[in-house]
Amino acid sequence: MEDHFQNIRPLAPEVTPYIDSYYFHTSNNPELSRRLFYYPSYRTALNVYKNVTVQLEATGRTYLKCDTPYLETVFTNIIDHMGYVHLAGDFDKIGILFYPYGFNAFLPTTLKDFLKGNKVLRFDGLGDAWNEKIQEVFATDTISNKRDLLDQIFSSLLQNHMDTRFLQVLDIIEKTDGNIRLHEIAQQLGLHRKTITRWCNKHLGMPFREYAGIVKFRRTHERYESNTGQKLVELAHHSNYYDQADFINHFKSMSSATPKHLFKSLKSMGAKVYWNYS
């Protein structure tokens, strides 16, 4: 076996508005050496690695075996480019995928202050007992029990300081598949454009236009996955691209690949996780 992937959605009502899913990625093969590529998404991810040191690089990360008991926690914010993971040897990883703005619900500060200008951040975890609690998840055999433990952990970490007005902004962007302008949302909600701009930088760590472009890219891909028989010219039209050139250029800027090539190369891992194994 090369590597094994499982995912499951949370059940606790306290955390389901913020957490999309949990996943568990493992390998028992000490000779494993392969790469996977991931692509822009408006979900954020918290990964916890057991007995693996993660070497963070400009556009990806490499697993390095650690022979001593060790946990490493890495947060990845919304990204606007393709990245890679070099899988090497045996490893055990927990992934928590958050909805946009979801991770913020478990932070005592804003996302902007937490990231300090980084897109990917290695840190000590959430709360004093983080490592101890996560070790329990690793030690649990069944995926449902792992889910229940993670639900308990995140329910206890909830800060309850979400801005409902900004959630409305995000909801409109997603419902329009990113095909909306800043002034249109401001007009709909009776807000100033500068207010929304400030919120995006504060809570998402990126400008409005960049975020909307990532939503458009991802929603277009999801539309394709729901109807793989449709022609790409129809997909471009339904996704509100100006023309085929606009469609192709947008995908190349996000993934370094044309839509045709990207769609053929992706493997669905479940819960809207798509990877390309090389």
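Going by the structure above, here's the rest.
Draft legend 1. The nonpolar core, seen in detail. Counting residues in hydrophobic clusters, the biggest one holds 73 residues, and the most contacted among them are Leu46, Phe103, Phe106 and Phe154. It is helix 7 (residues 208-226) that contributes the most residues to this core, seven residues altogether. Setting aside residues up to four positions removed in sequence, Phe103 forms contacts with Thr44, Leu46, Phe75, Phe98, Leu111, Phe114, Phe123 and Leu126. Tyr49, Val54, Leu97 and Met269 belong to the second-largest nonpolar core, a separate cluster that totals 20 residues.

Draft legend 2. The arrangement of the environment of Leu56 in detail. In this structure, Leu56 sits in strand 5 (residues 52-57). Looking at Leu56, the relative accessible area reads 31%, which means it is partly exposed. For the pair Leu56 and Leu121, spaced 65 residues apart in sequence, the C-alpha separation works out to 9.0 Å. Those residues within four positions of Leu56 in sequence are excluded, and the remaining contacts are Arg61, Val74, Val120 and Arg122.

Draft legend 3. Examining helix 5 (residues 182-189) more closely. Among all positions in helix 5, only Leu182, Ile185 and Ala186 are buried. Burial along helix 5 is one-sided: seen end-on, the buried residues are contained in an arc of 100°. Within helix 5, the exposed residues directed more than 90 degrees away from the buried face are Gln187 and Gln188. The inward-facing, buried residues of helix 5 contact helix 4 (164-175), helix 6 (193-204) and helix 7. Gly190 sits one or two residues past helix 5 and shows a positive phi near 70°.

Draft legend 4. Spatial organisation of the layout of surface pockets. Here the largest pocket defines a volume of roughly 360 Å³. Looking at the largest pocket, it is lined by 13 residues, and the ones nearest its centre are Gly178, Ile180, Arg181, Arg209 and Ala212. A per-element tally of the lining of the largest pocket places helix 7 first, with six residues. Class assignment of the residues belonging to the lining of the largest pocket gives a composition of three nonpolar, five polar and five charged.

Draft legend 5. Quick peek at the sheet that holds strand 3 (residues 33-38). Here we have six strands laid out as an open sheet, ordered 5-6-8-3-12-11, and mixed in their pairing. Edge positions in the sheet fall to strand 5 and strand 11 (267-270), since each has one partner strand and no second. Ignoring strand direction, the axes of neighbouring strands in this sheet form an average angle of 30°. Across two bridges, strand 3 lies against strand 12 (residues 273-277) in antiparallel orientation. Counterpart to Leu36 in the pairing with strand 12 is Tyr277.

Draft legend 6. Examining the packing of helix 2 (residues 130-139) against helix 3 (residues 143-157) more closely. Remark: helix 2 packs on helix 3, axes separated minimally by 8 Å, with the N-to-C direction vectors making an angle of 160°. Here helix 2 is positioned roughly antiparallel relative to helix 3, judged by the angle of their axes. Both helix 2 and helix 3 take part in a crossing whose hand is left-handed. Between helix 2 and helix 3, the residues in contact are Trp130, Lys133, Ile134, Glu136, Val137 and Phe138 and Lys146, Leu149, Leu150, Ile153, Phe154, Ser156 and Leu157, respectively. Grouping the amino acids of the contact of helix 2 with helix 3 by side-chain chemistry returns nine nonpolar, one polar and three charged.

Conventions adopted
- Residues numbered from 1 in each chain as written.
- Predicted model: local features only at pLDDT ≥ 70, side-chain atom pairs only at ≥ 80, totals over all residues.
- Heavy atoms only, no water.
- Core = buried A, V, L, I, M, F, W, Y, C linked by side-chain atoms within 4.5 Å.
- Buried < 20%, exposed > 50% of the residue type's maximum accessible area, 1.4 Å probe, protein only.
- Helix = DSSP H or I, 4+ residues; strand = E, 2+ residues; numbered from the N terminus.
- Contact = heavy atoms within 4.5 Å.
- Arc of directions from axis to C-beta.
- 1 Å grid on protein atoms, 1.4 Å probe; cavity = no way out; pocket = protein on both sides within 12 Å on 5 of 7 lines; lining within 4 Å.
- Points joined across faces, edges and corners; volume = space filled by probe spheres on them.
- Nonpolar A, V, L, I, M, F, W, Y, C, P; charged D, E, K, R; others polar.
- Pairing = 2+ DSSP bridges.
- Axes fitted to C-alpha atoms, helices over the stretch in contact; angles between N-to-C directions.
- Parallel < 35°, antiparallel > 145°, perpendicular 65-115°, else oblique.
- Left-handed = near helix turned anticlockwise from the far one by under 90°.

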